[in-house]
Amino acid sequence: MTILVTGGAGFIGSNFVLDWLRQSDEPVVNLDVLTYAGNLENLASLDGDARHIFVKGDICDRALIDSLLATQKPRAIVHFAAESHVDRSISGPGAFMKTNVDGTFTLLEAARAYWGALEAEAKAAFRFHHVSTDEVYGSLKADDPPFAETNPYEPNSPYSASKAASDHLVRAWHHTYGLPVVTTNCSNNYGPYHFPEKLIPLMIVNALAGKPLPVYGDGQQIRDWLYVTDHCSGIRAVLAGGKLGETYNIGGWNEQANIDIVRIVCALLDELRPDPAGPYARLITYVKDRPGHDRRYAIDARKIERDLGWRPAETFETGIRKTVQWYLDNPEWVARVQSGAYKDWVSKQYSAA
Ligand code: NAD
Ligand code: TYD
């Protein structure tokens, strides 16, 4: 048996592939077009491992997906591939519509054709797992209850609107065509291999370089933070036992204001890599707010716990310490991401891909 993962060279996708192959010998076919966010160095430890088959390609390429499905015959598709950065979606929404909406549509159509032609047993076992975000639910007020699966969709950014659109397509392909889908909506992830354009890795790498730590607006926006391997275990739980057509929220029971996150990162760096110039918090700089900035996200993750027995294994204290330590231990990864040299990995390691 085999699974097809899309976007498996990105932050969460690469953690998922590594985590999957730590737990199982079931091969992973990894389809990723390698945008700026795709980094095959994340998967360097799988070099030469026959269980990982990397294919460089676009989820908008129907012919490629058809041929991959026909040759690899996966029992499931786990769909991570997306444009994922809210700020980029504000300055250039087009790529988000193309990959997140058109790409998901193309993948669903290819999956429908493939699944429709399977033998009864394989057909019943097949799964399309759509990986989505809590941002589709919009923004909460300070005293609102956290997002449940029943919350209405109120996306506010081009990114969250494109993810909401993809969630709706997945839902419709189940309702209309019977495609066996499950969807997970997860909160903000953090951990190893996180591209340093997102809050936590940006603060770590800027602090270590003595650069300003840009906090948008008043820094009081709240996010729920989940360690990335906990997201991976949540996805595995839903893929294995989730009810067809259902959605599951995944979260860390860990709401924090951005400014508090930045202060925690600074305090850990003060402990683990003290700067002779003084505490890292001196670098905190309030900057212009993000347009349309959502004030608060929070996840009610009781359904996945009740139905599938999933809970996060890490607390924020353990997860953030591991994360800061990972960045301290991997300066070459950071340097190659910042210089752009990580792109060379493709031609060096995967010239046949
Ligand atoms: P990422 O930006 O780090 O990685 C995305 C990956 O998808 C990259 O490897 C990129 O090359 C690939 N990709 C982009 N367009 C593609 C295309 N057209 N065809 C094939 N591959 C393509 O993103 P991430 O943070 O790992 O997020 C993965 C998924 O999880 C996304 O669907 C995102 O919406 C969702 N999600 C992310 C978070 C988070 O906190 N990062 C939280 C909840 C849900
Ligand atoms: P981000 O990591 O971009 O994730 P998302 O926008 O998907 O939640 O941002 C997390 C929070 O941190 C968000 O409220 C925006 C804020 N932020 C900053 O204050 N400064 C920064 O430099 C970045 C990248 C984000």
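Our structure's up above, just so we're on the same page.
Here the structure is a predicted model, which means the values were calculated and not measured. (Residues numbered from 1 in each chain as written. Chains lettered and ligands numbered in written order. Predicted model: local features only at pLDDT ≥ 70, side-chain atom pairs only at ≥ 80, totals over all residues. Heavy atoms only, no water.)

**Remarks on unusual backbone geometry**
Here Lys-73, not a glycine, exhibits a phi torsion of approximately 45°, which is positive. Residue placement: Lys-73 occurs in the loop between α2 (62–72) and β4 (76–79). According to the relative accessible area criterion, Lys-73 is exposed, its value standing at 56%. Residues other than glycine seldom take positive phi values, yet Trp-253 does so here, at roughly 50°. (Helix = DSSP H or I, 4+ residues; strand = E, 2+ residues; numbered from the N terminus. Buried < 20%, exposed > 50% of the residue type's maximum accessible area, 1.4 Å probe, protein only.)

**What to know about the pattern of salt bridges**
Summed over all chains, the structure comprises 20 salt bridges. As a salt-bridge pair, Glu-41 and Arg-336 come within 2.7 Å of each other at their nearest N and O atoms. Within this pair, whereas Glu-41 is found in the loop between β2 (28–32) and β3 (52–56), its partner Arg-336 is found in helix α12 (residues 331–339), the two being separated by 295 residues in sequence. A relative accessible area of 32% means that Arg-336 is categorised as partly exposed. Between Glu-305 and Arg-311 there is a salt bridge, with the nearest N and O atoms lying 3.0 Å from each other. (Salt bridge = Lys/Arg side-chain N within 4 Å of Asp/Glu carboxyl O.)

**A few points about the site of ligand 1**
Around ligand 1 sit 29 residues in total, of which Ile-12, Asp-32, Ser-84, Tyr-159 and Lys-163 are the nearest. Taking Ile-12, its main chain carries an N or O atom lying 2.7 Å from an oxygen atom of ligand 1. Side-chain polar atom of Asp-32 to an oxygen atom of ligand 1: 2.5 Å apart, as the coordinates give it. Contact with the protein chains removes 96% of the 850 Å² of surface that ligand 1 exposes when unbound. Broken down by secondary-structure element, the contributors of at least two residues to the shell around ligand 1 are α1 (11–23), β5 (127–133), α6 (158–177) and β7 (188–190). Tallied by class, residues from the shell around ligand 1 come to 13 nonpolar, 13 polar and three charged. (Near = heavy atom within 4 Å. Polar contact = N/O pair within 3.5 Å; in protein donor to acceptor, adjacent residues only side chain to side chain. Areas by Shrake-Rupley, 256 points an atom, 1.4 Å probe, with all protein chains shown as cover. Nonpolar A, V, L, I, M, F, W, Y, C, P; charged D, E, K, R; others polar.)

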